[in-house]
Amino acid sequence: MDPTPARFAIRIHGHLGATVLSAFPALMSRRHGADTVLTGLLDRSALYGVLAEIEALGLDLVEVRCLTSQRKSPESGDRRSP
Amino acid sequence: MTVARATLRLIDRGDLLAALDRAAAGKVTIISAPAGSGKTSLLRAWADRPGQPQRLAVLQVQRDQQDAQQFWLALVSAVRDASGTTSGAEPPAATPDFNGQAMVDRVLSELADASDGITLVIDDLHELSSPEAFAQLTRLLTGLPPNAHAILTTRRDLRLRLHQLRLTGELAEIRAADLRFTGRETRELLDASGITLSEAGAALLHQRTEGWAAGLRLAAISLAGHPDPERFVAEFSGSDRTVAEYLIAEMLERQSADVQDLLLRTSLLDRVNGELADLLTGRAGSEQILLSLEDANAFVVSLNPERTLFRYHHLFADLLRLELRRTLPEEVPVLHRRAAGWFTLHGQVVNAIRHTQAAGDWADAARLLADHSFSLTLDGQAQTMQALLRAFPPGADQPELALVRAMGDLAQGRLDEAAAYLAVAETYAETAPPERQRRLQVAVASLRLSLARRRGHLAGVIEQARFLASPVTGQSDEDIALDSDLRTVALMNLGTAEAWTLGLPEAPDAERHLREGADLAREIGRPYLEVGCLAQLGFASLVLHSYATTQRRCREAIALAERHGWGAEPVIAPALIMLAGTMVWTGEFDEGERWLQRTRQALETDTGPDITLLLRQTAGLLHAGRGRNHEALEEFGAAEYLGSQLAESQALATRTTRWLLATQARLGMTGHARALLAALDDERASSGEIRNTLAVICLAEGDPAAALDAVADVLDGTASVLGYVTVMEAHLLAGLAYRELGDQRAANQAAESALALAEADRLVLPFAMTGSAELLEALPRHETAHAALLAEILDVLHGLSPAAKEQSALSPAEELSPGELRVLRYLPTNLSRPEIASELSVSLNTVSTHVRSIYSKLQVRDRSSAVQRARELRLLAAGRTR
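Residues numbered from 1 in each chain as written. Chains lettered and ligands numbered in written order. Predicted model: local features only at pLDDT ≥ 70, side-chain atom pairs only at ≥ 80, totals over all residues.

A word on the overall build of chain A
Phase 1 of the analysis: Counting secondary structure elements, chain A contains two helices and four strands.
Phase 2 of the analysis: Across chain A, helices and strands are ordered from the amino to the carboxyl terminus as β-α-β-β-α-β.
Phase 3 of the analysis: Restricting the contact set of chain A to residue pairs at least 6 apart, pairs at least 24 apart contribute 64%. (Helix = DSSP H or I, 4+ residues; strand = E, 2+ residues; numbered from the N terminus. Contact = placed C-beta atoms within 7 Å.)

Regarding the overall build of chain B
Phase 1 of the analysis: Across its full length, chain B holds 47 helices and eight strands.
Phase 2 of the analysis: With the C-alpha coordinates of chain B rotated into their principal frame, the extents come out at 120 × 70 × 50 Å.
Phase 3 of the analysis: Within chain B, the proportion of its 882 residues that are buried is 48%.
Phase 4 of the analysis: Taking all contacts inside chain B whose residues are at least 6 apart in sequence as the whole, residues at least 24 apart take part in 68%. (Buried ≥ 20, exposed ≤ 12 C-beta atoms within 10 Å, placed from the backbone.)

Side note on the sheet that holds strand 1 (residues 6-13) of chain A
Residues and elements named next belong to chain A.
Phase 1 of the analysis: Spatial ordering of the open sheet is given by 2-3-1-4, a layout of four strands whose pairing is antiparallel. Either end of the sheet is taken by a strand with one partner, and the two such strands are strand 2 (28-32) and strand 4 (60-66). Within this sheet the neighbouring strands show an average axis-to-axis angle of 25°, counted without direction.
Phase 2 of the analysis: For strand 2 and strand 3 (residues 35-42), the ladder comprises five bridges, and the chain directions are antiparallel. (Pairing = 2+ DSSP bridges. Axes fitted to C-alpha atoms, helices over the stretch in contact; angles between N-to-C directions.)

Some thoughts on the pairing of strand 1 (residues 28-32) of chain B
Looking along a regular strand, one sees side chains alternate from face to face of the sheet.
Residue and element names in this part refer to chain B.
Phase 1 of the analysis: Taken across its five residues, strand 1 has five buried, putting it largely inside the fold.
Phase 2 of the analysis: Residue alternation in strand 1 divides its side chains into two sets, Val28, Ile30 and Ser32 and Thr29 and Ile31, and both sets are buried.
Phase 3 of the analysis: Two strands pair when backbone bridges link them, and strand 1 and strand 4 (residues 149-154) are joined in this way by five bridges, in the parallel orientation. Within strand 4, the position partnered with Ser32 by the bridge is Thr154.

Some thoughts on the confidence of the model for chain A
Phase 1 of the analysis: Counting all residues, the mean pLDDT for chain A is 85, and 80% of those residues have values of 70 or more.
Phase 2 of the analysis: A low-confidence stretch, residues 76-82 of chain A stays under pLDDT 50, and its non-local contacts, those more than four residues away or across chains, total six contacts. (pLDDT = per-residue confidence, 0-100.)

Topic: the packing of helix 14 (residues 274-281) of chain B against helix 17 (residues 331-345) of chain B
Residues and elements named next belong to chain B.
Phase 1 of the analysis: Remark: helix 14 packs on helix 17, axes separated minimally by 9 Å, with the N-to-C direction vectors making an angle of 145°. As for the relative orientation of helix 14 and helix 17, their crossing is right-handed in sense. Two secondary-structure elements touch here, helix 14 through Leu276, Leu279 and Leu280 and helix 17 through Leu335, Arg338, Ala339 and Trp342.
Phase 2 of the analysis: Taken together, the residues that form the contact of helix 14 with helix 17 break down as six nonpolar, no polar and one charged. (Left-handed = near helix turned anticlockwise from the far one by under 90°. Nonpolar A, V, L, I, M, F, W, Y, C, P; charged D, E, K, R; others polar.)

Some thoughts on the interface of chain A and chain B
Phase 1 of the analysis: At the junction of the two partners, chain A supplies 15 residues and chain B supplies 18 residues.
Phase 2 of the analysis: Breaking the side of chain A that touches chain B down by element, the ones donating at least two residues are helix 1 (18-21) and helix 2 (44-56) of chain A.
Phase 3 of the analysis: If you tally residues by element for the side of chain A that touches chain B, the top one is helix 1 of chain A, at three residues.
Phase 4 of the analysis: For the side of chain A that touches chain B, a count of residues per class yields eight nonpolar, six polar and one charged.

Points about the sheet that holds strand 8 (residues 309-312) of chain B
Residue and element names in this part refer to chain B.
Phase 1 of the analysis: One open sheet accounts for three strands, arranged 6-8-7; its pairing is antiparallel. The two strands at the open ends of the sheet, each matched to only one other strand, are strand 6 (272-273) and strand 7 (300-302).
Phase 2 of the analysis: In terms of strand pairing, strand 7 meets strand 8 through three bridges, oriented antiparallel. Residue pairing in the sheet places Val300 in a bridge with Tyr312 of strand 8.
Phase 3 of the analysis: Against the sheet, helix 15 (residues 286-295) touches strand 6, strand 7 and strand 8, its axis set at about 105° to strand 7.

Comments concerning the packing of helix 13 (residues 257-266) of chain B against helix 14 of chain B
All names here are of chain B.
Phase 1 of the analysis: Two numbers describe how helix 13 lies on helix 14: the axes approach to 9 Å, and their chain directions differ by 100°. It follows from the interaxial angle that helix 13 and helix 14 lie roughly perpendicular. Listed contacts from helix 14 to Asp261, Leu262, Arg265 and Thr266 of helix 13 are Ala277, Leu280 and Thr281.
Phase 2 of the analysis: Taken together, the residues that form the contact of helix 13 with helix 14 break down as three nonpolar, two polar and two charged. (Parallel < 35°, antiparallel > 145°, perpendicular 65-115°, else oblique.)

Remarks on the nonpolar core
Residues and elements named next belong to chain B.
Phase 1 of the analysis: In this structure, Ala406, Val531, Ala557, Ile572, Ala575, Leu576 and Leu733 are the most contacted members of the largest nonpolar core, which totals 276 residues.
Phase 2 of the analysis: Of all the elements, helix 29 (residues 573-585) adds the most residues to this core, at ten residues.
Phase 3 of the analysis: Those residues in contact with Ala557 that lie beyond four places of it in its chain are Val531, Leu534, Ala535, Gly538, Ile572 and Ala575. (Core = buried A, V, L, I, M, F, W, Y, C linked by C-beta atoms within 7 Å.)

Focus on the environment of B:Ala82
Residues and elements named next belong to chain B.
Phase 1 of the analysis: Position of Ala82 relative to the elements: it lies in helix 3 (residues 68-83).
Phase 2 of the analysis: When the 21 C-beta atoms within 10 Å are taken as the criterion, Ala82 is described as buried.
Phase 3 of the analysis: Ignoring any residue separated from it by four or fewer positions in sequence, one finds Ala82 in contact with Arg55, Leu56, Ala57 and Ile118.

Quick notes on the pairing of strand 1 of chain A
All names here are of chain A.
Phase 1 of the analysis: In this sheet, strand 3 lies alongside strand 1 in antiparallel orientation, the contact comprising eight bridges. Considered in strand 3, the bridge of Phe8 is made with Gly40.
Phase 2 of the analysis: Pairing of strand 1 with strand 4 involves six bridges; the strand directions are antiparallel. Counterpart to Ile12 in the pairing with strand 4 is Leu61.

Re helix 18 (residues 349-358) of chain B
Residues and elements named next belong to chain B.
Phase 1 of the analysis: For helix 18, a buried count of eight out of ten residues is recorded, marking the element as mostly surrounded by other parts of the structure.
Phase 2 of the analysis: Every buried residue of helix 18 is accounted for by Val349, Val350, Ala352, Ile353, Arg354, His355, Thr356 and Gln357.
Phase 3 of the analysis: Of the residues trailing helix 18, Gly360 is marked for its positive phi of about 85°.

Here we look at the environment of B:Ser41
Residues and elements named next belong to chain B.
Phase 1 of the analysis: Along the chain, Ser41 turns up in helix 2 (residues 39-48).
Phase 2 of the analysis: By C-beta crowding, Ser41 is classed as buried, having 22 other C-beta atoms within 10 Å.
Phase 3 of the analysis: With 172 residues separating them along the chain, Ser41 and Ala213 place their C-alpha atoms 9.4 Å apart.

A closer look at the environment of B:Arg869
Residue and element names in this part refer to chain B.
Phase 1 of the analysis: Examined against the element boundaries, Arg869 turns out to sit in helix 46 (residues 863-872).
Phase 2 of the analysis: In this structure Arg869 comes out as partly exposed when scored by C-beta crowding, with 16 C-beta atoms within 10 Å.
Phase 3 of the analysis: Taking the C-alpha atoms as reference points, Arg869 and Leu128, 741 residues apart in sequence, are found 57 Å from one another.
Phase 4 of the analysis: Excluding its chain neighbours within four sequence positions, the residues that come into contact with Arg869 are Leu858 and Val860.

Things to note about unusual backbone geometry
All names here are of chain B.
Phase 1 of the analysis: Positive phi outside glycine occurs at Asp64, with the angle close to 50°.
Phase 2 of the analysis: Mapped onto the fold, Asp64 is located in the loop between strand 2 (55-60) and helix 3.
Phase 3 of the analysis: Among the residues examined, Asp64 registers 12 C-beta atoms within 10 Å and is labelled exposed.
Phase 4 of the analysis: For Glu210, which is not glycine, the phi dihedral falls at a positive 55°.

What follows is the structure, given as structure tokens:
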């Protein structure tokens, strides 16, 4: 498990209003049809914190996706993808 | 906390209630569904149904409950409320050391005692974030007695290992899909709320909310009395906003400005009451508003029958809180501060600290926490304290917190870290503002005292006790209360340290301090500290008092502990081990073994080296008394090892070596023993105890003359001895040596001297350990003034110690009088009745009368039967308690 922060996209059904969005200050939100997608750079603790908040607010979680496309091993020395 | 009455307009979801009925017939039911699914409402409706047969013990887990002990105390309390127990036991009180295992056992036994069964109802179990509490809960659930059931609600599946129950079909689950409102139920809800909506409208509502209970209830609130319900539903349906957000915004909008303000401002509280709400809004009349909100079924719930305390549904409160932060950001710290002030005034320290932290006033929060850390620990909130500590930001370190960290480390046995933090706290105390200085210095001194005691460093302890001499000079009630807590703990620690030096000079001080501590503890209502002081007092008594007095004090302490449910806690261990020890010394081996076992159980969660050493040593003595020298060697070896680790607490360590050496010698390991002996320094080597040990070695090597040389110093009083027992032992060893040398007269004299010393406390163990059976048997009855004692000792040596059964008491009519008991003790001897009469200085007639009465009461016909029956009934031992 990679401890460094990675980009995550979290999809929630429904559009989030200003109030609920204020619970996720570290994330950007974008509407995708009937869903809202929250994206941001999160390490594991932060990710689980976000998920806990989603649970607490009774939101409809649809998908969690890691956007870091390639996960290189440290020895290879290549730069990590954004 | 009782289940709040189910408010109006919750429809009767008959099918669901039936399902819960069916489920609840099994052992454990878990209702697992996301926030707002209607779990709690279902529980309430089920509980409040007329004709609800079960007795319910209800606990709603507090938000973010990290403290296992607080969780369990609340659960025990709920169970007791449900069963209406008025047993002799005290209500559960918190203890600084928490024994989770004992807690679970306690709950299980309370559940078992309730004859017609109790159902545990634990709501919001996901809020419990203590891993150890979960492990304990699993044990509880898998071990529920036959008539007991449990219903748990949670928002997410939990790490409870209940596979066993699942396999046997005793686990039932109700999940989100089960809780969802059907279309029909949706229409019923609308009808019950007096809302007129078309079929299509109802269907649309159902579809949009997906049958989610919270959504439907929120919608119902907005729809009730709405001029155009159809349009509302249409707009709601057409919106993509999440259901909760949309509907809560709608609901808020329909409230008056006052109500909106109230809801927002009080959202940052876990529990709301009218007074506090008034404080936060700056207006009166909040209680009325809260009551009407509850009546309108708007996610406000009262928590007590008087309806003065309220709680908002978590979901509702969370959204309100977000809205507050968004719309009135600058108000938030102000509100937290006001709340903190109110909580401080009302003695709710933990809440006060939480709100002070939330306001961002870290220095103030640190001060509050530091001031109350002792009291919180004594209240059993140590884990809560740690949680509060963790909430401080890692960057800026508050010097006041050093004290709290020191306490935490000390409690966990990390003595070096505790000392380091204590040093920081001390430095800070020197530069603190004058009004805080005394309190800080007293707290630091008290902690230093505890630390010194843990390390067995008596000099350090005395040094820190200076402040105890000054009377309590607090200004406010709070000051006095804090001071009293500190004083009591300090007295207990000081007295304990003095007691464990096992020294004569310190003994009177130890007793005085422990008594004072116990009295103060009783006065300020700290039963745990009272038990602690009394336990140590029992332990300390032997230095100055008889075995009988010591046993009595120990039993008193144990009885008090048991009344509070602490009979198996580490706090009572000193009394347990002392009781066990005295019994081993007086030859009551079976009884002693029982108490030894209880001590082991009590020490499971606390393995302080000094008391563990004592435990091993006593176990060794027991084995030795029973002639099991190999087992004895093992125990003494372990004790010796522990002794080598106790750098500063020498008193205990030195006592062990002699037993180890003697046992080695008796097992024929004389080479070993001599080597160990040679390694001792001169001072120890010349002590009476070690001289005796040398004698044992010599006897084992077949050199009785050398043995006599070894004990000469002890017998003429030139060697230093710890107590008279050493002299007694020396006489016995001399006696054995004389026997070897063929001087029977001298042997008899030695045996008689030993018996004389043993008479006061009726000590038996030295005779057993030295293997003096033959020595005693060779002593003619008419040459001893201690025939009764002699007979008792021989009984023990021949393995005839009283049966380890439950003491079957004689009925009152049959109880022997004191005079009869005195005669009874002589029956096992070979003395004739005239001889007994002469011993007791009474007439022959009196003796005969007593004997007849004894036979009659014991229902026997002859002397030997009488003796046997007396042994069974443990009457021979009973004669000892003076």
